[in-house]
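Here's the letter readout for the chains.
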Amino acid sequence: MRFIVFQISDEEQGYDLDLFCIPKHYAADLERVYIPHGLILDRTERLAREIMKDMGGHHIVALCVLKGGYKFFADLLDYIKALNRNSDRSIPMTVDFIRLKSYCNDQSTGEIKVIGGDDLSTLTGKDIIDTGKTMKTLLELLKQYNPKMVKVASLLVKRTPRSVGYRPDFVGFEIPDKFVVGYALDYNEYFRDLNHICVISETGKEKYKA
């Protein structure tokens, strides 16, 4: 089953910071708001509906990829739980967590560290698919647990020449090759506390450089 992807064009510049509530300690570190928080939530709700339709009556083991995926994962599960409460058909669901680390500053290190994850299968919640190498590594790990199926939901997918061609099953937004932060996406652990997804400035990169 194919789903419509929300594509953000290369020409999209985002929104002026003054239109939104931005923490003062980040005001000089961001260029623009790229995806406002309200739009993220609305799109996440739509993904929850698509997942419910696609999963049928299968029990879901929802696996959160930490740290960057925790906000998307929590909001996605809240919408799935609401659908479970308010519809005639509901799906049983359990939750697990795994941590992947592959970035230093704004570059992938090429080395993927996997921490955690005990009982893995079915639905994986990821924050962003960049080159796709990290997700391919995780999917190979999941095969060891012999799940009936694995579906990946990612809030963001980048259009980048570095991509290995991997595409998740459920995508919130397809975006240009920009380094974005906020909504739990970080730059050396900073900006996770930002509600909106924003483009980091060169000043911000230098200020929080590892």
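Residues numbered from 1 in each chain as written. Predicted model: local features only at pLDDT ≥ 70, side-chain atom pairs only at ≥ 80, totals over all residues. Heavy atoms only, no water.

**A look at the packing of aromatic side chains**
According to the stated counting rule, one finds eight aromatic pairs in the structure shown. Taken together, the ring pairs connect Tyr26, Tyr190, Phe191 and Tyr208 into an aromatic cluster. (Phe/Tyr/Trp six-rings, centres within 6.5 Å; stacked < 30°, edge-to-face > 60°.)

**Focus on the pattern of salt bridges**
Going through the model one piece at a time under the given rule, you end up with 13 salt bridges. Measuring nitrogen to oxygen at the nearest pair gives 3.1 Å for the salt bridge that ties Lys143 to Glu140. Judged by its relative accessible area of 48%, Glu140 falls in the partly exposed class. The network of salt bridges with shared partners includes Asp10, Arg159, Arg167 and Glu174. (Salt bridge = Lys/Arg side-chain N within 4 Å of Asp/Glu carboxyl O. Buried < 20%, exposed > 50% of the residue type's maximum accessible area, 1.4 Å probe, protein only.)

**Some thoughts on the environment of Tyr70**
Position of Tyr70 among the secondary structure elements: in helix 2 (residues 70-86). For Tyr70, a relative accessible area of 37% translates into the label partly exposed. Separated by 113 residues in sequence, Tyr70 and Tyr183 have C-alpha atoms that sit 8.8 Å apart. Excluding residues within four positions of it along the chain, Tyr70 makes contact with Cys64, Val65, Ala184 and Arg192. (Helix = DSSP H or I, 4+ residues; strand = E, 2+ residues; numbered from the N terminus. Contact = heavy atoms within 4.5 Å.)

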